[in-house]
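Listed below are the residues making up each chain.
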Amino acid sequence: TYIPSYNYSNRNWYIIDGRDKGLGRLASEISIALIGKHKIDYHPAVDAGDYVIVINAKEIKVTGLKEKQKIYFSHRTSRPGRSKSESFNDLMSRIPERILEKSVKRMLPKGTLGRKQARRLKVYTGSIHPHQSQKPKLFDLYTK
């Protein structure tokens, strides 16, 4: 069985437009690209994933009552034992990139490999991004 080297260097840059796409389906598509499962030489212990740029993160959709009922927690408070909670709408108006980053990061492997893969995700609220020189290709695994 062929196992690629740990210093894998065949990385591509992909761009995904988040306009009017569901949060979960989009996050699973992004995590597949970050892990490298779409490649022929995929191995779970080797970091063979690609770079992913997501544009229009402000226009991601959720279904049902998740806009009002979904809660995001952060434990960065000045008091021990307290946690801050924020609804989906509040976080979307304040930091819309964080919603997609959190959902993708939770789909990646836990540990150092997952943290390394999560660093290759670049999320932007608008359609402008600073990665034009990498010549990103359109990634359309499932979404049509």
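Just so we're clear, the structure is a prediction, and the values are computed from it rather than from any experiment.

S.K.: How should the pattern of salt bridges be read in this particular structure?
M.R.: Any two side chains of opposite charge can pair, so long as their charged atoms come close to each other. This structure, assessed with the given rule, holds six salt bridges. With a closest N to O distance of 3.7 Å, Asp 47 and Arg 11 form a salt bridge. Pair noted here: Asp 47 is in the loop between α1 (23–35) and β2 (51–55) and Arg 11 is in the segment before β1 (13–17), with a separation of 36 residues, a long-range link. For Asp 47, a relative accessible area of 4% puts it in the buried group. Residue Asp 20 is joined to Lys 61 by a salt bridge in which the shortest nitrogen-to-oxygen separation is 3.9 Å. In this pair, Asp 20 sits in the loop between β1 and α1 while Lys 61 sits in the loop between β2 and α2 (66–69), placing the two residues 41 residues apart along the sequence. Assessed through its relative accessible area of 42%, Lys 61 is described here as partly exposed. Look at the salt bridges and you will find they share partners, linking Arg 11, Asp 47 and Arg 120 into a network.

S.K.: Is there a simple way to think about the packing of aromatic side chains in this case?
M.R.: Remark: the centre distance and the inter-plane angle together describe each pair of aromatic rings, the angle taken between the planes. Tallied over the full model, the rule gives three aromatic pairs. With centroids separated by 4.3 Å and ring planes inclined at 5°, the aromatic side chains of Trp 13 and Tyr 51 adopt a geometry described as stacked. Of this pair, Trp 13 sits in strand β1 while Tyr 51 sits in strand β2, and the two are 38 residues apart along the sequence. Note on Trp 13: relative accessible area 16%, which makes it buried.

S.K.: Would you mind showing me how to read α1 here?
M.R.: Three or four residues apart is the spacing at which side chains of an α-helix point the same way, because the helix has 3.6 residues per turn. Between its terminal C-alpha atoms α1 stretches 18 Å, which fits the 18 Å expected from 13 residues at 1.5 Å a residue. For α1, the buried fraction is high: ten of the 13 residues fall into the buried class. Listed as buried for α1 are Leu 23, Leu 26, Ala 27, Glu 29, Ile 30, Ser 31, Ile 32, Ala 33, Leu 34 and Ile 35. Just downstream of α1, Gly 36 is the residue with a positive phi angle, here 100°.

S.K.: Even after reading the chapter, I still don't get unusual backbone geometry, so can you show me in this structure?
M.R.: Only a minority of non-glycine residues have a phi that is not negative, and only a minority of peptide bonds are not trans. Even without being glycine, Asp 20 reaches a positive phi, approximately 60°. Asp 20 gets classed as exposed once you look at its relative accessible area, which sits at 53%.

Rules behind the numbers
Residues numbered from 1 in each chain as written. Predicted model: local features only at pLDDT ≥ 70, side-chain atom pairs only at ≥ 80, totals over all residues. Heavy atoms only, no water. Salt bridge = Lys/Arg side-chain N within 4 Å of Asp/Glu carboxyl O. Helix = DSSP H or I, 4+ residues; strand = E, 2+ residues; numbered from the N terminus. Buried < 20%, exposed > 50% of the residue type's maximum accessible area, 1.4 Å probe, protein only. Phe/Tyr/Trp six-rings, centres within 6.5 Å; stacked < 30°, edge-to-face > 60°. Expected span 1.5 Å × (residues − 1).

The analysis is restricted to geometry; functional conclusions fall outside its scope.
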